[in-house]
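Listed here are the chains, written in short residue letters.
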Amino acid sequence: MSTMFAVRAHARGGPEQLVYEQAPRPEPGPGEVLVAVKAASMTPQELTWPETWTYTSDGSGPERTPIIPSHEFSGVVAATGPGVDTPAIGDAVYGLIPFSLNGAAAEYVTMPAAVVAAKPATIDHDHAAALPLAALSAWEALREHAALQAGQHVLVQGGAGGVGMYVVQLAAALGAQVSATAAAADLEFVEGLGAEQVIDYKDERLEDHVHDVDVVVDLAGADAQARAWPVLKPGGILVAISTPPDQEEAARHGVRATYFIVKPDREGLRSIAELVDEGRVRPVLDRVLPLAETRSGYEALEAKRRGKIVIHVAD
């Protein structure tokens, strides 16, 4: 088979540019695998990222249209390129595709073998595809940047959000005391993820509920960061994913602060899969759509929802 069905954009823009059509089926090069996609998921703002449309993270270089979106996937290895020992053909895998490559809104996708990991065994492909970007963001925030230790106190700013729900679950699974902020309608949901206390960010003052926090993971932006500085203990750390923190404010409060962008990470995916299979982390889906309706999924990304919008590509 030399062609496949895919969702592509032939020019820069938003969801209006996405077209469901036949496209050339890719072939794996050296160090790459070809995955028969079972499910993929999408991320807000993905179609605005420079690397979505070019070959580099800063947007420089030539356009690489037509592009295929959706960089989180779950599927089965269909072929391997030269130099690939693992994974093997037939292995069920999941992962995060580098953003400057084509994504998984297609029947097949190629990627470096080094970015894929064995899919969690206890969940289906639709649920596995909801994990990679959000759960890896949470894992890297807690383990790589905060060096979280069991018994520490973590505050999650935005505990019901796409990444926040995994920060709450992973922090609890790693033995931390977890507090979180959320909207009133989401308080019970976030408690169910493992937070010991959830604060209504609109109607309650943060400092009335938490203090001496070891780690703040901020997913809500600058206003939330301003409220977080006073509740961090001296030497604590604020890890930001949405907005780079003010380093002068961090120094003034005697704490550390950092900002990062998630990267593909096989070892992180393996750790997440173990926690999923142990029942300590669960993916959350908002809805599942067929590949042909990918455009409507991207149109729905900015609306209020809970969990990932997933594309079911094949059974």
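In this text, all values refer to a predicted model and were calculated from it rather than measured experimentally.

Of all five residues that make up strand 15 (residues 308-312), four are buried, and the element is covered over most of its length. By the bridge criterion, three bridges tie strand 3 (residues 32-41) to strand 15 in an arrangement that is antiparallel. Note on strand 15: the bridge partner recorded for Ala39 is His312. As paired elements, strand 14 (residues 285-290) and strand 15 share five bridges and run parallel to each other. Residue Arg287 lies in a different strand from strand 15, and its bridge partner there is Ile309. At this point the chain moves from strand 14, through helix 9 (residues 294-299), to the parallel strand 15, and the crossover so formed is right-handed.

Once that is clear, we can look at the side chain of Ser41. Mapped onto the fold, Ser41 is located in strand 3. From its side chain, Ser41 meets the backbone oxygen of Ala129 in a polar contact 2.7 Å long. Residue contacts for Ser41: discarding those within four places in its chain leaves Ser70, His71, Glu72, Ala129, Ala130, Lys308, Ile309 and Val310.

What counts as what
- Residues numbered from 1 in each chain as written.
- Predicted model: local features only at pLDDT ≥ 70, side-chain atom pairs only at ≥ 80, totals over all residues.
- Heavy atoms only, no water.
- Buried < 20%, exposed > 50% of the residue type's maximum accessible area, 1.4 Å probe, protein only.
- Helix = DSSP H or I, 4+ residues; strand = E, 2+ residues; numbered from the N terminus.
- Pairing = 2+ DSSP bridges.
- Right-handed = clockwise from strand over helix to strand, strands pointing away.
- Polar contact = N/O pair within 3.5 Å; in protein donor to acceptor, adjacent residues only side chain to side chain.
- Contact = heavy atoms within 4.5 Å.

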